[in-house]
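A structural walkthrough
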Amino acid sequence: MIAEQDLPAAPSRSRRSLLEPERVKGLTLVAVVLATVFIFSVVVDDYLSARFVSRLLIAISITALVAAGETLVIITRNIDLSVGSMVGVAAYLTAEMLAENQGLSAPIAVLVAVGIGTALGLVNGVLVAVARLPSIIATLGTLSIYRSLLTNHAGGKTISTGSLPAWLIDLPRSTLFRLGRYDVRTMFAVTLGIAVVLHLALQYTRGGRHLYALGSNPEAARQAGLNERRIQITAFAGCGALAGLAGFLYVGRFGTINVTAGSGLELAAIAAAVVGGVSTLGGSGTIMGAFLGAVLIGVLDQSLVRVEQISEFWRDAILGALIFIAVFLDVTVGRRLKERARRRAIDEAREVEHG
Amino acid sequence: MSETEFGPAPPTGAPILSVIDVSKSFGSTHALRGVALDLHAGEVHSLVGENGAGKSTLIKVMTGLYRPDAGHVALDGHAVELRTPAIAQSLGIACIYQEPLVFPDLSVSENIFMGHTGRGRLVHWRDMDERAGEILRQLEVDIDPRAVASQLTVAGQQAVEIAKAMSRDVRVLIMDEPTAALSAHEVRRLFRQVARLAESGVAVLFVSHRLDEVFEISDRITVFRDGQHISTKPAAEVTEVSLIRDMVGRELSDFFRRVPHEPGEVALSVEGLSRAGAFENISFDVRRGEVLGFAGLVGSGRTEVAEALFGVRRADSGTIRTDGEVLQISSPREAMEHGIAYVSEDRRRLGLSLPQSVAANITLPGLRRFVSRWWLIDRNAERRAAEVYRERLQIRTTSLSTPVGVLSGGNQQKVMLAKWLDLKPSVLIFDEPTRGIDVGAKADVHELIGELAEGGVAVILISSDLPEVLAMSDRVLVMREGRQMGIFADADLDQERIMMAAVGVE
C-alpha cells in the first residue's frame, strides 16, 4: 500500500479527454450536420444556392431562439410546451401594434415582443415554482390558454404584409456581410450572437450554474441554499423572452400573421434541444448544442422539400425519427462513455487501495 | 495499515451547539420527546439508537429541515431559529449523508462551492478548481476537481461532501451513517479526516449503526430510544453490552449465530463465470439449506456476480446450472422463472417502489397469482398475503396501504425481503441485507436467513460486515478485484484469514 502522504502535489491526470461525453456529443452533431449537407448536395442539383442558404438561415434563426429558451427550462428538469403559443401571441400583438402605429421604431417593437414573451413566461414560472404544478401540465394548459386568448382577441383577423412598415418586411433580406456568394443575414447573425452569449452565461455566471445545479439534483440545490423558486421563474421567463424575440422575427419572416402563428414550434424546439444533447432529465446540455440541433432540423426540414422522391408528408415523420435516433444514441453511447469513465475511477481507487 | 489514535478529549468550556428540550411530532407519532444534546468544540460525539429512535428527526431539526414543536437549538449559548437548510449552513452547521447529496452532472469543484462561489456574478473556474484541489489534498484524496461527480465512487463523493463542509468553515459537522458504503480502507481515511476536523475545533456528531466504529471514533456516546434521550457518557465508560442494553432496553443475546445443519443437494452450480472488467473465472456450488457467504471489499465484484446470476447484466462466458440444468439467463424474469431471487443492496433505486403501498410492493413480483377473473387484481388476496409477511417479518407500519417511502430503513428492508420471499425462490441472493439498519431489524433479518436455509433454500449472502458473514455462513467465498481468492470452510473460517485474502496479503 502506498503512503497517502506521497500523493502528487497537484492532480496531474487530466480526465478531460477527447472522449468527454459533452464534447463527443458536440463533435458528432457537427459531423452529422456536415454529412447531411453533403448528401443533399449530391442528390439535389444546385443545392447550396445563395437563395436557399438565405432562406435556411432565417428558418434556423426562429427555431434556434425558441430552442435556446426551451433549453433553459429543460436544464432545470422542467419542460415548456407553450413556446409555440408564446411566439404566436408575441408575433400577432407586435404586428398589430406596428400596423396601427407605422411610426414605431424597431427597438420599441423588439422590446414589446420580448416584453410580451417575458410576461407569458413569468406566468408559466409562477405556475410551476409557486403553485407547484408539474411543468408539463402547467404549460400544456397555457399552450391552449394563450392560443385561445389570442384567437378571441384577434377574432379571426389576419394582419397582412401591406399593413406593416417597410423596414420590417425588408428585415429578412437585411444582410450583415457577404461571405463569398452567400449573404449572412442579420437575423441569423443576431441569433447566433445571442446563442453564444447565452451559452457562455450558462457556463460562466453563477445564475447559469444554478440552473444546472437545480436540474442535476434539486434536493442538493435546496440544501446548498439555492433559491429554487427564483431559479425556476428565471428559466421560464428567459424562455418566454426568447420566444417573444422569435415572435418578432416571425413577423419579419412571414409578413402575414394570423392566429395560428407559431403553432407546432414547441415540437421543433424540444426536438432541437434533445437532438442537441440537452438531457430531459435535467442538469446537462448546452445552448450551442441546442443551436446545432436547430441547425440540423432546419437543414433537414428545408432540404427534404427539394428531394422530389420524398413526399412532404414524410417530413414530420423524419423529424420524429430523428428525435428517437438522437435520444437512442445519447442513451447508449453516453452510457457507455460514462461507464468507461466510472470504471476508470474505480480502478484508480483500487490502485490506491492496494498499491 | 497504521493505527491512528483517537484519544478521548474531555469536553471543556461551553458547548458550541446545544439541543434543548426539543420535541417533534408527526400526527400521533412522537418522534422526539424533549431531547437534549451538547456538542463541544473538538469532540467527536456519537449518537446511536435503533431505527425510529429519533436520530434522523434530530438531524433534520439541526440542519433546518424540520422546525421543532417545542424546545430550541442554541449556538454559543444563544437560541437560533433554523428556518431553512441555508440558514443552518450559514451558521456553520453541515451534514453528510449516507448517500452523498451531490450534483451528478457538475464538476467536483462546483459541487464543493455551489451556493457560495464567492462574490460577483461570474464563476472563476480556474480559481475555484485550485481552491477545491487544495481542500481535497488536505483530505488526502486524489480527486481531480474538474472530474464530473457522477464518475466518482461513493467514497469519492463523500470526500467531496466533506470538502464542501470544510470550504464553508463548518463549526458543527453531522455525519449520518457515513461509512455504510465504504470499504475498510476508505473508512480509515474517513476517520483520519474526521480526527483532523475535530482537532481543528469542529464539533462532530457521528451517527452510525456500526458499534465498533462508534467505539473507535467517539469521545462521548449518546443513546436515543423511542424519541427520548437515554444516556450520554464518555466512550471509555461504555461497553458494547451496556450500549446495546441502552439502545434496545432489553438484553440482546450475543450476535445471532445460525446453527448449521446438513445441507441437501446442489441447487445452484456456477462454473468459470466471467464478465470483462467485472469478474473472471468464478466457480462455486450452493446446496439446499446452505448459506454461502461472499466476502470482499466494496468494489471486489461480488454484486456484479450476483447481477449476472439474476440476469441484470449478462456474463460473457461460463455456465450457470440449477438442479443440473444449464441456464441461459438474460433477464431477471428468466432468473425468477428458475427460482433465483436477488435482494439488491440498493433498496431505494432497485428494490422498492417508494410511493406505492407496502402490500403492492410485496406482491409485485408474483402479481400474476393475485389476478382474479376479468384480469383484475384480487385486492383481498393481495392483502392477506401481505399480512402474512407483515406478521412473519414484524414489519412495523401503521397499515399495509402506507407508502413504503415513509417507513424506516429497517422496515423498508423487510418489505423488500417479503417481496422476494413471496416468489418462494430456491436460490436467494442477499446483497448487504443489513446495511444501515438497526440492531433489532438486523437480528430479525439474520433469524430469517437462518429459517430460510433450514427450509431448504440455497442462500448466497453478500456482506461487507465480516462478523455477520462468519456467523451466518457455512462456507465463505472471498473475492478480490473480480477474482475468486478461494472458498473457506470449517477451521479456515477466520476473520483474519478472510480479510487477508480479501486485501491480497499472502
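These lines cover the structure that appears in this document, whether it is placed above or below. The shown structure was predicted, so the numbers you read here are calculated from the model rather than taken from an experiment.

Re helix α15 (residues 439-454) of chain B
Residues and elements named next belong to chain B.
- If you check α15, its first and last C-alpha atoms are 23 Å apart, about what 16 residues at 1.5 Å a residue would give, namely 22 Å.
- Of the residues making up α15, those classed as buried are V439, A441, K442, D444, V445, H446, I449, G450 and A453.
- Looking at the residues trailing α15, positive phi occurs at G456, about 100°.

Description of the pairing of strand β12 (residues 279-287) of chain B
Residue and element names in this part refer to chain B.
- Both strand β11 (residues 266-275) and β12 contribute to a ladder of 6 bridges, which runs antiparallel. Across the sheet, the residue bridging to L268 is V286, located in β12.
- The antiparallel hairpin formed by β11 and β12 contains 3 residues in its connecting segment, where G277 sits at a positive phi of about 80°.

Regarding the sheet that holds strand β3 (residues 44-48) of chain B
Residues and elements named next belong to chain B.
- Spatial strand order, β6-β7-β8-β3-β9-β10: 6 strands in an open sheet with mixed pairing. Only two strands of the sheet have a single neighbouring strand rather than two, namely β6 (93-96) and β10 (228-234). Averaged over all adjacent pairs, the angle separating strand axes in this sheet is 20°, with direction ignored.
- Relative to strand β7 (residues 172-176), β6 runs parallel, the two being bridged by 4 bridges. By the bridge assignment, I96 is partnered in β7 with M175.
- Contacts from helix α1 (residues 55-62) reach β3, β6, β7, β8 (203-207) and β9 (220-225), with the element oriented near 150° to β7.
- Its contacts with the sheet place helix α6 (residues 184-199) against β3, β7 and β8, and it is angled at close to 145° to β8.

Section: the pairing of strand β4 (residues 70-75) of chain B
Residues and elements named next belong to chain B.
- Across 5 bridges, strand β1 (residues 17-26) lies against β4 in antiparallel orientation. Bridge pairing links S18 to A74 in β4.
- For β4 and strand β5 (residues 78-80), the ladder comprises 3 bridges, and the chain directions are antiparallel. Looking at β5, one finds that A74 is bridged to A79.

With respect to helix α14 (residues 409-421) of chain B
- Its 13 residues give α14(B) an end-to-end C-alpha distance of 18 Å, which sits within 8% of 18 Å, the value for a rise of 1.5 Å per residue.
- The element α14(B) is extensively covered by neighbouring structure, given that 13 of its 13 residues are classed as buried.

Remarks on the environment of B:G277
Residues and elements named next belong to chain B.
- Inspection of the secondary structure assignment puts G277 in the loop between β11 and β12.
- For G277, a count of 15 C-beta atoms within 10 Å corresponds to the partly exposed category.
- Between the C-alpha atom of G277 and that of A195, which follows or precedes it by 82 residues, the distance is 36 Å.

Cut-off values and rules
- As a convention, each chain's residues are numbered from 1 in the sequence order in which they are written.
- Think of it this way: whatever chain is written first is A, whatever ligand is written first is 1, and the rest follow in order.
- The model is predicted, so local features are restricted to residues of pLDDT at least 70 and side-chain atom pairs to those at 80 or more, both for listing and for counting; the totals for chains, interfaces and linings are taken over all residues.
- In this description a helix means any DSSP run of H or I spanning at least four residues, a strand means any run of E spanning at least two, and both kinds are numbered starting from the N terminus.
- Expected span, for any helix, means 1.5 Å times one less than how many residues it has.
- With C-beta atoms placed from the backbone, a residue is buried if 20 or more other C-beta atoms are within 10 Å of its own, exposed if 12 or fewer are, and partly exposed between those counts.
- For two strands to pair, DSSP has to find at least two bridges joining them.
- Note on method: axes are straight lines fitted to C-alpha atoms, helices fitted across the in-contact stretch only, with angles between N-to-C directions ranging 0 to 180 degrees.
- We call two residues in contact when the distance between their C-beta atoms, placed using the backbone, is within 7 Å.

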